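Fold and geometry: a report
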Amino acid sequence: MIGERISELRKRKSMTQKQLAEYLSVSPNSISLYERNLSTPDDETKIRLARLFDVSMDYLMGTSDRETPLDQKEKAAFLYLKNLPMEARTELEAFLRYFREKYHL
C-alpha cells in the first residue's frame, strides 16, 4: 500500500521519480522499488516523505484514508456527528478535503 501512496503523492506534486530520489538522497531505482512495493523505505525516509507531501504517517502507510490527522476543531465538530452512518461520514470527510483544497486551507 505504501508504494501506491508514494506514487500517488509524487504525481500529485508533479515530481518525477528522479526528482524524488534526489530529494531523499536515494537512487531513482529505489523510488521505483518503493512504488512497486518491492522495497520499503526506512523509517527516516518515511518521515521525510510524510513531511514533503504534508500527509500523516497513517495515510502514507495506508492505515488511514485521512491525509492529515484531525485537529482539535475538527475533532470537536465530529463529536456530535458520531451517530452518522459510515457512508455519510465518508462523504462529509471527502467534502471537507474538497473544501480545504478549493479554498487553500
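See the structure shown above.
Residues numbered from 1 in each chain as written. Predicted model: local features only at pLDDT ≥ 70, side-chain atom pairs only at ≥ 80, totals over all residues. Heavy atoms only, no water.

1. Section: a nonpolar patch on the surface
Stated formally: To count toward a patch, a residue needs a relative accessible area over 30% and no salt bridge; like charges are then connected within 9 Å, while nonpolar side chains (Val, Leu, Ile, Met, Phe, Trp, Tyr) are connected within 5 Å. The Shrake-Rupley method, run with a 1.4 Å probe sphere, supplies the accessible areas, and residue values consider only the shown protein chains as cover. Definition used for salt bridges: Asp or Glu carboxyl oxygen within 4 Å of a side-chain nitrogen of Lys or Arg. For helices the rule is a DSSP run of H or I covering at least 4 residues; for strands it is a run of E covering at least 2, with both sets numbered from the N terminus onward. Each residue gets one of three labels from its accessible area relative to the maximum for its type: buried under 20%, exposed over 50%, partly exposed in between, using a 1.4 Å probe on protein chains only.
A contiguous nonpolar patch, built from Phe-95, Tyr-98, Phe-99, Tyr-103 and Leu-105 and spanning about 560 Å² of accessible area, is present on the exposed surface. Among the secondary structure elements, Phe-95 is positioned in helix 7 (residues 86-102). For Phe-95, a relative accessible area of 44% gives the class partly exposed.

2. Some points on helix 2 (residues 17-24)
This is how the line gets drawn: By arc we mean the arc of the directions from the helix axis to the C-beta atoms, nothing more. In this description, contact between two residues means that some pair of their heavy atoms is separated by no more than 4.5 Å.
Listed in full, the buried residues belonging to helix 2 are Leu-20, Ala-21 and Leu-24. Within helix 2, the buried residues cover an arc of 100° as seen down the axis, which keeps them to one side. What points out from helix 2, more than 90 degrees from its buried face, is the exposed set Lys-18 and Glu-22. Those residues of helix 2 that are buried are in contact with helix 1 (2-12), helix 3 (28-35) and helix 4 (43-53). The first or second residue beyond helix 2 is Ser-25, which carries a positive phi of 60°.

3. With respect to the packing of helix 2 against helix 4
The description of two helices packed together rests on the angle between their axes and the distance between the axes. Here is the rule we go by: Structural elements are reduced to axes, namely lines fitted to C-alpha atoms, with helices fitted over the stretch in contact, and the angle between N-to-C directions of any two is expressed from 0 to 180 degrees. Just so you know how the angles are binned, under 35 degrees is roughly parallel, over 145 roughly antiparallel, 65 to 115 roughly perpendicular, and the rest oblique. By the definition used in this description, the sense in which the near helix is turned from the far one sets the handedness, with an anticlockwise turn below a right angle giving left-handed and a clockwise turn giving right-handed. Three classes are used: nonpolar for Ala, Val, Leu, Ile, Met, Phe, Trp, Tyr, Cys and Pro, charged for Asp, Glu, Lys and Arg, and polar for all others, with Gly counted as polar.
Close contact between helix 2 and helix 4 brings their axes to 11 Å; oriented N to C, the two are set at 120°. When the axis of helix 2 is compared with that of helix 4, the two are oblique. The handedness of the crossing between helix 2 and helix 4 is right-handed. On helix 4, the residues that touch Leu-20, Tyr-23 and Leu-24 of helix 2 are Thr-45, Arg-48, Leu-49, Leu-52 and Phe-53. A class-by-class count of the residues in the contact of helix 2 with helix 4 yields six nonpolar, one polar and one charged.

4. Focus on the pattern of salt bridges
Summed over all chains, the structure comprises six salt bridges. For the salt bridge of Glu-67 with Arg-12, the shortest nitrogen-to-oxygen distance reads 3.0 Å. One end of the pair, Glu-67, is in the loop between helix 5 (57-61) and helix 6 (72-79); the other, Arg-12, is in helix 1, with 55 residues separating them in the sequence. With its nearest N and O atoms 3.6 Å apart, the salt bridge here joins Lys-46 to Asp-43. Linking Lys-46 with Asp-43, this pair stays in helix 4, spanning three residues, or about one helical turn.

5. Comments concerning the nonpolar core
For clarity, the threshold we go by: Buried residues of nine kinds, namely Ala, Val, Leu, Ile, Met, Phe, Trp, Tyr and Cys, make up a nonpolar core once their side-chain atoms join them within 4.5 Å.
In this structure, Ile-6, Leu-20, Leu-49, Phe-53, Val-55 and Leu-60 are the most contacted members of the largest nonpolar core, which totals 16 residues. Among the secondary structure elements, those contributing two or more residues to this core are helix 1, helix 2, helix 3, helix 4 and helix 5. Counting residues per element, this core draws most heavily on helix 4, at four residues.

6. A short note on unusual backbone geometry
Positive phi values are uncommon outside glycine, yet Asn-37 reaches one of about 60°. When you line up the elements, Asn-37 lands in the loop between helix 3 and helix 4. According to the relative accessible area criterion, Asn-37 is partly exposed, its value standing at 35%. Unlike most non-glycine residues, Asp-54 shows phi in positive territory, near 55°.

By themselves, these figures tell us nothing about what the structure is for.
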